[in-house]
Number of protein chains: 2
Amino acid sequence: MTSSQPPQSARPGSTPSRQNLDPHLDRYAARTAGMTASEIRALFAVASRPEVVSLAGGMPNLAALPLDSLSTQMAEVVAEDGLVALQYGSAQGVPTLREQICDVMAMEGISAHPDDVVVTVGSQMGLDMVTRLFCDPGDVVIAEGPSYVGALGSFAAYQANVVHVAMDDDGLVPDNLREALAAAKQRGQRVKCLYTIPNFHNPAGVTLAVDRRAEIVEICAEHDVLIIEDNPYGLLGFDGQTYPSLRSMAPENVVYLGSFSKTFASGLRVGWVLAPHAVREKLVLAAESATLCPPTLNQLVVSKYLETHDWKGQIKTFRENYRERRDAMLSALEQHLPAGCTWTQPEGGFYVWVTVPEGVDTKAMLPRAVTARVAYASGTGFYADGLGSRQMRLSYCYPTPERIREGVRRLAGVLESEMELMRTFGSVTTRTVSGPQFPGPDTA
Amino acid sequence: MTSSQPPQSARPGSTPSRQNLDPHLDRYAARTAGMTASEIRALFAVASRPEVVSLAGGMPNLAALPLDSLSTQMAEVVAEDGLVALQYGSAQGVPTLREQICDVMAMEGISAHPDDVVVTVGSQMGLDMVTRLFCDPGDVVIAEGPSYVGALGSFAAYQANVVHVAMDDDGLVPDNLREALAAAKQRGQRVKCLYTIPNFHNPAGVTLAVDRRAEIVEICAEHDVLIIEDNPYGLLGFDGQTYPSLRSMAPENVVYLGSFSKTFASGLRVGWVLAPHAVREKLVLAAESATLCPPTLNQLVVSKYLETHDWKGQIKTFRENYRERRDAMLSALEQHLPAGCTWTQPEGGFYVWVTVPEGVDTKAMLPRAVTARVAYASGTGFYADGLGSRQMRLSYCYPTPERIREGVRRLAGVLESEMELMRTFGSVTTRTVSGPQFPGPDTA
C-alpha cells in the first residue's frame, strides 16, 4: 500500500483488458458514451519528464506568489476561525467572499449583487452546473471553434450537441453566429446557449473585438439564446487593459463564470457563477446536489488574501510575468517556425494557437515531438466535430522564457522533418479524428 | 456591496415573484423539475438563532479538534509544498493521500488498491458522480426508507426513480428488498443500484445486522444490481466496534463512498470513492468534467494530518464525545417524550429517528417547535415518495449534552400540546407531502 503501481500491472481484481471485460458495461448511463479519455493522456506522463519542454499545460506560474505570507495567513485562518473554516457552510458560499467577488468583477465593469453570486469548486464546476440547469440531451450549445476542452467535456457529459462557430483575429464572427443559428433552426434543433470566452481565448489566444460584443449580445437576445460568458483570463491583459463584459450589456441573459485559478491559485479550486437573479436559486440547488457546499477553508483563505494582500499588485506581477513569456514565445515562433505556419498574437492570457501547413497532422506528430523533448496540445481536442488536425495550442504560462525558446526551437525541428517527409511521400498520415477529450487538468 | 440583503428585498434586476416571472422558465432542462427547495429552509435561518436548540443539523463537533497544531500544519503545507498545494492536480487525487485512504479503509476490513480510489469534493460529489455514471432518466435506485437527503437530491438531479425499502432495528430487511426488486421487475423497470448506508444510518440511526450483509450482497448479485455503499460514520461506533463492509464481500459489485467529514473536518470537503477497477477510469473522467480536480491544498492537509497526527486517537475522542451526547439524548427522550412516541437506539453516528403518535404531522409541527426554540428535521425530506410525516430526525452531534436535554424537554412540550389539540379537535392538519428536498448543508 505504499507505492502506486502502473495501471496496467497485473494484480488481484484487475482485468488485463478492461475495454472488453468490464462487467459493468451494460450498466452505464447513456451519457457515459460522451466521456472519452484522451489518446494523448499516456503521452503526458512522458511529457512531464524534466527533459521535455511542455508547452501543453495550462498551469499558472505560482512561483510569483508570496508563499511565506500565504503560509502565515493560512495558519491564522485556522487558528482564529477554525471552527468555521473546517465546518460545512452554505451551498452558495461564504457571504463575505461573495461581496469581495463583486469587487473583483467591478474591475471589469460588472455591477453585481452578492446575492447573485454562487461560489463553485473552480469555474469547471460552474460550467457543469450551468449545463445541468439548461441542457437536455440533444440541445445545441454554440461554442467558438476551437473551444475550451473542459467545457466540451461538460457539454458531452450532459449529451448536449456542440456546434462550433469560427473565429478570426477579433474573436467570434457575428455573421458566422447568425449562420449557425439559422442552420440549427433549419435542422429543427433547439439552441439553448452560446458558450464564449471573450477575453484572451483558451485555446485560440484571441479577444473578441469591442464593437462585436453588443452585436453578439443582440443576436442572442433575438434568438432566445442564453450566453455563458467564461472569463478566467480577463484581468490578465498584458497592458492592463480590460474589456466590457457581455454580462454588463445584458445582465438578465448572461451567466458569467469567474475564477481565482489564474489570478491567485488554481489548487484552491475557488471559482464562481454570477447568474441572473431568477436563475440563482436553481443554481444553488444544483450545487447542493453536486458537492453540498464548496470547501469553507478555501473560501476563507481567498477572502483573507483579498482583504489583506495587494491582490491587484499581484495580478500586475502575473501579467508582467506572462507578457515576458508571451514575448519569448512569439519571437521564437517568428525566428524558428517554418514558412507556412501561422499563429495568433495574444494580448493576454496563456495561449498561442498555431496552424501548420496542410498535410501535417498535429495529433499524429505529437509522439515524434515528445521524442524530440517538446510537448503541445494538439488541436482536435478543442473541437467536438473533428476539426483541428492542423492546429496546436502552445502555452507560455508555465515554462521560463529560456525553456520556451528551447521548446519552440525543438518544435520547429520536428515540423521541418514532418514537412520534409511530406514533400517526399505526400501527406504523412491520415487519422480518424474524434471529439472532445480530456488530456488532463494540466492542459486546462 | 458590503452587506448581504435578504433574498426577498426589492432591488434592481430582482423580480418580486420569481416563480411566475422567471424569464428563463422555458429554458431549464427537464431534470430541474426534480430540484426543489425545502419548505423548511426559511425556518433554518430562525433555527440558527442562539436561543433555539437545533437538533436539526448534521454538523460534526469540531471543538474536539486540535486547532492549534492544525494551524501550524496548514502553514507548513503551504511553506514547504506551496507550489504543489496551490496548483492543479490530477482528477483522481494525490497519490499519497489515496494510499493513506486505503489504510483508513483497512480499519474496517477493506482491502483496496490506491489505483481504485478517486478523491472527491466530499462524498456528496462521489454520490453525484456515481449517479452520473450509472443512472439514465427513469432508472430505479433502491434506497432505504428513510434515506440520506443528499443522495435523494443527486438521484433526483439525474431523474432516477427512488424506490424505498423499509428497515427495522437491524437495518434494511432482505425480504423487503426482494419484494421491491420483484415489484420493479413486474413494472418493467430497470433497477440499476441499491443505495445503502449500512452503519449508523442517516437518518435512521440503525445498523445493518451482520448476518443480513451477505444476504443483501447475494440478492444484488442475483438481480444484477450495483451496490452503492455509503459509509461516512463507520468508524464512529461508540464501542469502537466496526462491521464488515459490503465492499469487502463483493469488491466487483460495490461502489464504496468514504469521507473525512465526520472523522476529521467537513469544511475541507475531502471524500472518496473506491470503485471496481473497471469503473474507476470512467469515474475519473466524470470527475474531471465536474471539477477538473479536487482542491490540492485540502488533500495535502488531510494527508499531513493522517501522517503526523494520532488520527485514530482523534476518532476515539470524537466517538466518546458523541456517545456522551447520544446518552444525553436517549435518556432525555425516555424521560420527557409523551407515550406513543418511539425511537431508534443508535450505537454510533449522529442521529436518532423518532416516530410520533398517529395524527401528528412533524412538518406541520415544525414552525411551532421553532417558536418553542427547538428545531429538528421533519421526516418527509428523507423520503422520495411522501412518507415520513410521522417521523423526525434528531441529531445529537453538535449541541452540548445540556443543550440536548433542554432541546428534548422543549420538543416534548410541543408534542404534548400537539397531542392535546389532536385529542380535542382530531388530526391537527392534513398536509400534502412532497419528495426529496434540501434543507441545507447543515442537515447533511
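What counts as what
Residues numbered from 1 in each chain as written. Chains lettered and ligands numbered in written order. Predicted model: local features only at pLDDT ≥ 70, side-chain atom pairs only at ≥ 80, totals over all residues. Heavy atoms only, no water. UniProt positions renumbered as here; feature names shortened; annotations may be inferred. Contact = heavy atoms within 4.5 Å. Buried area = accessible area lost by both parts, 1.4 Å probe. Salt bridge = Lys/Arg side-chain N within 4 Å of Asp/Glu carboxyl O. Polar contact = N/O pair within 3.5 Å; in protein donor to acceptor, adjacent residues only side chain to side chain. Helix = DSSP H or I, 4+ residues; strand = E, 2+ residues; numbered from the N terminus. Expected span 1.5 Å × (residues − 1). Buried < 20%, exposed > 50% of the residue type's maximum accessible area, 1.4 Å probe, protein only. Axes fitted to C-alpha atoms, helices over the stretch in contact; angles between N-to-C directions. Parallel < 35°, antiparallel > 145°, perpendicular 65-115°, else oblique. Left-handed = near helix turned anticlockwise from the far one by under 90°. Nonpolar A, V, L, I, M, F, W, Y, C, P; charged D, E, K, R; others polar. pLDDT = per-residue confidence, 0-100. Pairing = 2+ DSSP bridges. Core = buried A, V, L, I, M, F, W, Y, C linked by side-chain atoms within 4.5 Å.

- Within an unreviewed UniProt entry, the label attached to chain A reads Transcriptional regulator with HTH domain and aminotransferase domain, and the organism entered is Saccharomonospora azurea NA-128.
- On record in UniProt, under Subunit (unreviewed entry), the comment for chain A is "Homodimer."
- In the Sequence similarities (unreviewed entry) part of its UniProt record, chain A is described as follows: "Belongs to the class-I pyridoxal-phosphate-dependent aminotransferase family."

## Some thoughts on the interface of chain A and chain B
Part 1 of the reasoning: Contact with chain A, which involves 110 residues of that partner, is made by 110 residues of chain B.
Part 2 of the reasoning: Here chain A meets chain B over a buried area of about 9500 Å², counting both sides, of which 58% is carbon and sulfur.
Part 3 of the reasoning: Remark: the boundary between chain A and chain B carries 4 salt bridges.
Part 4 of the reasoning: A salt bridge links Asp128 of chain B to Arg132 of chain A, with the nearest nitrogen and oxygen atoms 2.4 Å apart.
Part 5 of the reasoning: On the surface where chain A and chain B come into contact, there are 49 residue pairs in polar contact (both at pLDDT 80 or more).

## Regarding helix H5 (residues 122–134) of chain B
Part 1 of the reasoning: A rise of 1.5 Å per residue sets the reference length of H5 of chain B, with its 13 residues, at 18 Å; its end C-alpha atoms lie 19 Å apart and thus fit the reference within 8%.
Part 2 of the reasoning: With 13 of 13 residues buried, H5 of chain B lies mostly within the body of the structure.

## Some remarks on the packing of helix H3 (residues 67–85) of chain B against helix H12 (residues 296–308) of chain B
Residue and element names in this part refer to chain B.
Part 1 of the reasoning: In contact at an axis separation of 10 Å, H3 and H12 are set at 125° when each is read in the N-to-C sense. The pairing of H3 with H12 is recorded here as oblique in orientation. In the packing of H3 onto H12, the handedness of the crossing is right-handed. On the side of H3, the interface is formed by Leu70, Gln73, Met74, Glu76, Val77, Val78, Glu80, Asp81, Val84 and Ala85, while H12 contributes Thr296, Leu297, Leu300, Val301, Lys304, Tyr305 and Thr308.
Part 2 of the reasoning: Within the contact of H3 with H12, the residues separate by chemical class into 10 nonpolar, 3 polar and 4 charged.

## Comments concerning the UniProt feature "domain: Aminotransferase class I/classII large" (unreviewed entry) in chain A
Part 1 of the reasoning: Here the UniProt feature "domain: Aminotransferase class I/classII large" (unreviewed entry) sits at residues 66–411 of chain A.
Part 2 of the reasoning: The span residues 66–411 of chain A shows a helical share of 47% and a strand share of 16%, and its end C-alpha atoms are spaced 33 Å apart.

## Details of the pattern of salt bridges
Part 1 of the reasoning: Within the structure shown, the criterion is met by 32 salt bridges over all chains.
Part 2 of the reasoning: With a shortest N-O distance of 3.8 Å, Arg323 of chain B and Asp239 of chain B are connected by a salt bridge. With Arg323 of chain B in helix H13 (residues 311–336) and Asp239 of chain B in the loop between strand S7 (226–230) and helix H9 (246–249), this residue pair connects regions lying 84 residues apart in the sequence.
Part 3 of the reasoning: Here the residues in one salt-bridge network are Glu76, Glu80 and Lys304 of chain A, joined through shared partners.

## Comments concerning the confidence of the model for chain A
Low pLDDT means the predicted coordinates in that region are not meant to be read closely.
Residues and elements named next belong to chain A.
Part 1 of the reasoning: In this model, chain A carries a mean pLDDT of 90, and residues with pLDDT of at least 70 account for 90%.
Part 2 of the reasoning: Counting contacts from residues 1–19, a segment whose pLDDT is below 50, to residues more than four positions away or on other chains yields 34 contacts.
Part 3 of the reasoning: Note that pLDDT drops below 50 for residues 430–444; the model gives that stretch 69 contacts with residues more than four away or on any other chain.
Part 4 of the reasoning: Predicted as a complex, the structure gets a pTM of 0.92 and an ipTM equal to 0.92.

## Observations concerning the pairing of strand S3 (residues 140–145) of chain B
Residues and elements named next belong to chain B.
Part 1 of the reasoning: Across the 6 residues that make up S3, a large majority, 6, are buried.
Part 2 of the reasoning: Two strands pair when backbone bridges link them, and S3 and strand S4 (residues 161–168) are joined in this way by 6 bridges, in the parallel orientation. Counterpart to Val140 in the pairing with S4 is Asn161.
Part 3 of the reasoning: Where S3 lies against strand S6 (residues 191–196), 4 bridges are found, and the strand directions are parallel. Note that in S6 the partner of Ala143 across the bridge is Tyr195.

## Points about the sheet that holds strand S8 (residues 254–259) of chain A
Residues and elements named next belong to chain A.
Part 1 of the reasoning: Pairing in this open sheet of 8 strands is mixed, and the strands run S2-S9-S8-S7-S6-S3-S4-S5 from one edge to the other. The open sheet has two edge strands with one neighbour each: strand S2 (117–120) and strand S5 (171–172).
Part 2 of the reasoning: Bridge count for S2 against strand S9 (residues 271–274) is 4 bridges, and the pairing is antiparallel. Each residue of the ladder has a partner; that of Val119, found in S9, is Trp272.

## Observations concerning the nonpolar core
Part 1 of the reasoning: Of all hydrophobic cores here, the largest spans 163 residues; its most connected members are Met105 and Phe260 of chain A together with Met105 and Phe260 of chain B.
Part 2 of the reasoning: If near-sequence neighbours (up to four positions away) are discounted, Met105 of chain B is found in contact with Ile110, Ala112, Val117, Tyr256, Trp272 and Leu274 of chain B.
Part 3 of the reasoning: In this structure, Val118, Ala287 and Tyr383 of chain A together with Trp353 of chain B belong to the second largest nonpolar core, which totals 93 residues.

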